[in-house]
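Tertiary structure, described
Read off the chains here:
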Amino acid sequence: MFTATTPAELSAMQAATAAAEKTGIASIAKPGQVIYPMPSGSYTLTDEFGAARPGRSHMGQDFAAPMGSPIYAIADGCVKISQQSYQGYGEAVELSHPQLSSSNSLSSLYAHMESGSRAVQVGDCVTAGQFLGRVGNTGWTFGTVLHFEVRVNENAIDPLAWLEANVF
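Anyway, here's the lowdown on the structure attached to this text. (Residues numbered from 1 in each chain as written. Predicted model: local features only at pLDDT ≥ 70, side-chain atom pairs only at ≥ 80, totals over all residues. Heavy atoms only, no water.)

**Notes on the pairing of strand E11 (residues 145–152)**
Threshold: Exposure is judged per residue with a 1.4 Å probe applied to protein chains only, and the accessible area is read against the type maximum: over 50% gives exposed, under 20% gives buried, and values in between give partly exposed. Numbering of helices and strands runs from the N terminus; a helix is a DSSP stretch of H or I covering at least four residues, while a strand is a stretch of E covering at least two. Any two strands with at least two DSSP-identified bridges between them are counted as paired.
Counting buried positions over the 8 residues of E11 gives 7, a clear majority of the element. Relative to E11, strand E4 (residues 61–64) is paired through 4 bridges, and the arrangement is antiparallel. The residue of E11 that forms the bridge with Phe 63 is Leu 146. Relative to E11, strand E8 (residues 106–113) is paired through 6 bridges, and the arrangement is antiparallel. Residue Ser 107 lies in a different strand from E11, and its bridge partner there is Arg 151.

**Regarding the packing of aromatic side chains**
Spelled out, the test is: Paired rings are identified among Phe, Tyr and Trp, the last through its six-membered ring, by centres lying within 6.5 Å, and are further divided according to the angle between planes into stacked (under 30 degrees), edge-to-face (over 60) and tilted (the rest).
Here the structure, examined in full by the defined rule, presents 5 aromatic pairs. Look at Tyr 43 and Phe 63: their rings are 4.7 Å apart centre to centre, the planes differ by 65°, and that puts the pair in the edge-to-face class. You can see Tyr 43 sitting in the loop between helix H1 (7–23) and strand E1 (44–45) and its partner Phe 63 sitting in strand E4, a full 20 residues away along the chain. Phe 63 sits in the buried class, given a relative accessible area of 0%. Consider the rings of Tyr 72 and Phe 131, whose centres lie 6.4 Å apart with planes at 70°: the pair is edge-to-face. With Tyr 72 in strand E5 (residues 70–72) and Phe 131 in strand E10 (residues 131–134), the pair connects residues that are 59 residues apart, well separated along the chain. Exposure class is identical for Tyr 72 and Phe 131. Each is buried. Put simply, the rings of Tyr 43, Phe 63, Tyr 110 and Phe 148 pair up and form one aromatic cluster.

Limitation: the analysis is restricted to geometry and does not speak to function.
Here it is as structure tokens:
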């Protein structure tokens with residue numbers, strides 16, 4: 001049996017290969033897939049969405065992990081933000097995911113990364129499972145953690161519930 005590869009699939013595979021060569025870290029997913037931002041068993045879920053904070057609620061899900069643990073893109077997307085100091089998030093990357101919403105309204109945020117570990121810049125397009133950076137403790141945090149958010153129209157939603165409904 002033969003399978004055909006579309007030009008878009010071929011382009012995505014070439015981009016993933018180029019990114020892996022650049023960072024030395026291979027993708028952990030196939031283009032078009034939706035995954036968790038860290039491999040199973042490499043983290044412990046801690047502060048969850050909605051947890052009480054002084055003056056507001058926690059807007060994401062924290063993945064506690066050892067310093068330097070790799071963080072990966074949950075889905076294909078393009079980099080909206082890649083900053084050393086982004087608000088209280090410290091080193092952070094935000095991706096837009098136009099293929100996952102008809103209005104280009106879905107994005108994912110990866111925060112508290114290790115200083116100097118961001119592997120993507122604004123305007124880069126990434127594939128699911130592509131290395132983004134490493135777990136750190138920059139910004140307003142206690143300990144080493146990936147603070148992960150999913151946003152729809154810039155409004156944070158429960159990222160764990162979204163992942164559970166969409167990972168395949």
